[in-house]
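# Reading the structure
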Protein chains: 2
Amino acid sequence: MMEFKDFEEKTLSRKELFKGNIIEVVLDEVQLPDGSVGQRELVFHPGAVAVIPITNDNKMIMVKQFRKPMEKVILEIPAGKIDPGEQDNPRATAKRELEEEAGYKANKLIHVHSMYLSPGFANEIVHLYYAENLEKIDNPLPQDEDEVLELYTLTLEEAKQEIANGLICDAKTIFAIQYWELKQLKEK
Amino acid sequence: MMEFKDFEEKTLSRKELFKGNIIEVVLDEVQLPDGSVGQRELVFHPGAVAVIPITNDNKMIMVKQFRKPMEKVILEIPAGKIDPGEQDNPRATAKRELEEEAGYKANKLIHVHSMYLSPGFANEIVHLYYAENLEKIDNPLPQDEDEVLELYTLTLEEAKQEIANGLICDAKTIFAIQYWELKQLKEK
């Protein structure tokens, strides 16, 4: 269906603004298809993984944590950024995060989607996995040093209630809950 | 259900790194609940709106555009950032973007969710609306000067096919398609 017209924005110059441990920020001067010149503020990110972990009694495992950008404690599915060395294997990151954050290993781990979160200014991609047939790990990997997490398990109704309450308020987690609801409806 | 432990990360100092037209980037030194000190790379964003526009013959309207962070042409639902003056009224932004990007006005516009996209480093929120009873506008608002857009309308099956093809690859759009599918299943 998709015939192309000229969309490309050519980079005329790039200014490096910040290179941190997680993000890199640059300012591009670009030439638009009509010849005019514009600016693009860009954030580069190594990518992330998120897991929808469903327990054997049909509850979703979530972690509560403080999120500095919003100065808020929120409830999310386990997630984390891809470490160097995991770039070609987000499934390994998914397994690691599920173990580190929740203390579980999944005997079934299905890739759901890989999605860009903020395509207007950031290249961050999240690889989302659905995990079931979970098994508690006796001596799980330790959590990241700079993370304080608390674990919860919620039924579908409880999860929807926490969306209404505002404690669940991030896209990947609301997506996960919608995915879970749709999956259950389809399997009926 | 949610008793609290101490999660807060206190800001010890903040370094302003960049203030652009869209994003602002800062580096915070924070004190974690255990007393240790960490760094947080933060991106502040004015927030955005996205619309799930469904035509009277049950197709979803999408826009094709070049996205510089990924150097790719992708297909998304209409969306845009909240302008100054619209901060308390994202519904106005939704109406404006639907008119500017797609040339439609919605006689029914329902708030679906307001969601943080990348809570680990960015405070960007997207307010998502579902639009139906659409009406073509004869003389719509002009598109943004620095945007090149092409309109498409897709059935649910076509939309799912474009996810598989990779042309639809951003979270809000895949979310929108899942929402639409769930809505149809529930109404059956």
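Everything in this summary refers to the structure shown in the same document. Small disclaimer: the values here were computed from a predicted structure and weren't measured.

### Some details on the overall build of chain A
From N to C terminus, chain A includes 3 helices and 10 strands. Helices and strands appear in chain A in the N-to-C order β-β-β-β-β-β-β-α-β-β-β-α-α. For chain A, the spread of C-alpha atoms along the principal axes amounts to about 60 × 45 × 35 Å. Looking at chain A as shown, the accessible area adds up to about 8400 Å², and 46% of this sits on carbon and sulfur atoms. In chain A, which carries 23 positive and 35 negative side-chain charges, the distance between the mean positions of the two groups comes to 3 Å.

### Things to note about the relation of the copies chain A and chain B
In this structure, two copies of a chain are linked by a rotation about an axis accompanied by a shift along it. Screw-axis analysis of chain A against chain B gives a translation of 0.0 Å along the axis, an RMSD of 0.0 Å, and a rotation angle of 180°. With respect to symmetry, the two chain copies, as superposed, fit the operation of a two-fold axis. In this assembly the copies share their binding face: 100% of the residues contributing to the interface of chain A also contribute to that of chain B.

### As for the sheet that holds strand β3 (residues 37–44) of chain A
Residues and elements named next belong to chain A. Strand order in this open sheet of 3 strands is β1-β2-β3, and the pairing throughout is antiparallel. Looking at the sheet topology across the chains shown, the edges are occupied by β1 (10–19) and β3. Taken pair by pair, the neighbouring strands of this sheet meet at an average axis angle of 20°, ignoring direction. Pairing analysis gives 8 bridges linking strand β2 (residues 24–31) to β3, with the strands arranged antiparallel. Note that in β3 the partner of Glu-24 across the bridge is Phe-44.

So, how was this worked out
- Residues numbered from 1 in each chain as written.
- Chains lettered and ligands numbered in written order.
- Predicted model: local features only at pLDDT ≥ 70, side-chain atom pairs only at ≥ 80, totals over all residues.
- Heavy atoms only, no water.
- Helix = DSSP H or I, 4+ residues; strand = E, 2+ residues; numbered from the N terminus.
- Areas by Shrake-Rupley, 256 points an atom, 1.4 Å probe, with all protein chains shown as cover.
- Lys, Arg positive; Asp, Glu negative; His and termini not counted.
- Charge placed at Lys NZ, Arg CZ, Asp CG, Glu CD.
- Least-squares fit on C-alpha atoms with pLDDT ≥ 70 in both.
- Contact = heavy atoms within 4.5 Å.
- Pairing = 2+ DSSP bridges.
- Axes fitted to C-alpha atoms, helices over the stretch in contact; angles between N-to-C directions.

Taken by themselves, the reported measurements are silent on function.
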